[in-house]
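Given next are the chains, with one letter for each unit.
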Amino acid sequence: QVQLVESGGGLVQPGGSLRLSCAASGSMFISLYDMGWYRQGPGNERELVAAISSGGRTNYAESVKGRFTISRDNAKNALYLQMNSLKPEDTGVYYCRGYYFREYWGQGTQVTVSS
């Protein structure tokens, strides 16, 4: 059974940082997968935040460029999202997604940016 589990969310003040992690388990070896982080803010649709291909190519939403960094550690079967200079509009539930012929989603982790 394939499973993605996010962690690292929480409450942070504007300007602060968080590092999200996504651990893959079961028969999922993320080295084969295109991976991504998505978020869903209050009243908004789920949107792509950052993605990294199986070959290591990255792309980011314009709103997070220069502040967020996506990375992967295939040996640890894990995906990360380093978030710096956080803003209140970054608030939302952050989801990890993996795609290799089919997609898998984690259950999400809440990020709240507020003073």
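Rules and cut-offs
Residues numbered from 1 in each chain as written. Predicted model: local features only at pLDDT ≥ 70, side-chain atom pairs only at ≥ 80, totals over all residues. Heavy atoms only, no water. Helix = DSSP H or I, 4+ residues; strand = E, 2+ residues; numbered from the N terminus. Rg over C-alpha atoms; globule rule 2.2 N^0.38 Å. Buried < 20%, exposed > 50% of the residue type's maximum accessible area, 1.4 Å probe, protein only. Polar contact = N/O pair within 3.5 Å; in protein donor to acceptor, adjacent residues only side chain to side chain. Contact = heavy atoms within 4.5 Å. Core = buried A, V, L, I, M, F, W, Y, C linked by side-chain atoms within 4.5 Å. Pairing = 2+ DSSP bridges. Axes fitted to C-alpha atoms, helices over the stretch in contact; angles between N-to-C directions.

### Topic: the overall build of the chain
Phase 1: Along its length, the chain carries zero helices and 11 strands.
Phase 2: Counting helices and strands in the order they occur from the N terminus, the chain gives β-β-β-β-β-β-β-β-β-β-β.
Phase 3: At 13 Å, the chain has a C-alpha radius of gyration in line with the 13 Å of a compact globule built from 115 residues.
Phase 4: The 115 residues of the chain split such that 43% are buried.

### Re the side chain of Asp90
Phase 1: Mapped onto the secondary structure, Asp90 falls in the loop between strand 8 (78-83) and strand 9 (92-100).
Phase 2: Within the structure, the side chain of Asp90 is placed 2.8 Å from the backbone nitrogen of Lys87, a separation counted as a polar contact.
Phase 3: When sequence neighbours within four positions are dropped, the list of residues in contact with Asp90 reads Arg39, Val64, Arg67, Phe68, Ser85, Val111 and Val113.

### Points about the nonpolar core
Phase 1: Core analysis: the biggest nonpolar cluster contains 28 residues, and Met35, Trp37, Leu81, Met83 and Tyr94 have the highest contact counts within it.
Phase 2: Of all the secondary structure elements, the ones that give two or more residues to this core are strand 3 (18-25), strand 4 (34-40), strand 5 (47-52), strand 7 (68-73), strand 8, strand 9 and strand 11 (109-113).
Phase 3: The leading source of residues in this core is strand 3, at four residues.
Phase 4: Apart from the residues within four sequence positions on either side, Met35 is in contact with Leu4, Met28, Ile30, Ala51, Ile52, Ile70, Arg72, Leu79, Cys96, Arg97 and Gly98.

### What to know about the sheet that holds strand 8
Phase 1: With antiparallel pairing, four strands are arranged side by side in an open sheet as 1-3-8-7. At either end of the open sheet lies a strand with only one pairing partner, and these are strand 1 (3-7) and strand 7. When the angles between neighbouring strand axes are averaged without regard to direction, this sheet yields 15 degrees.

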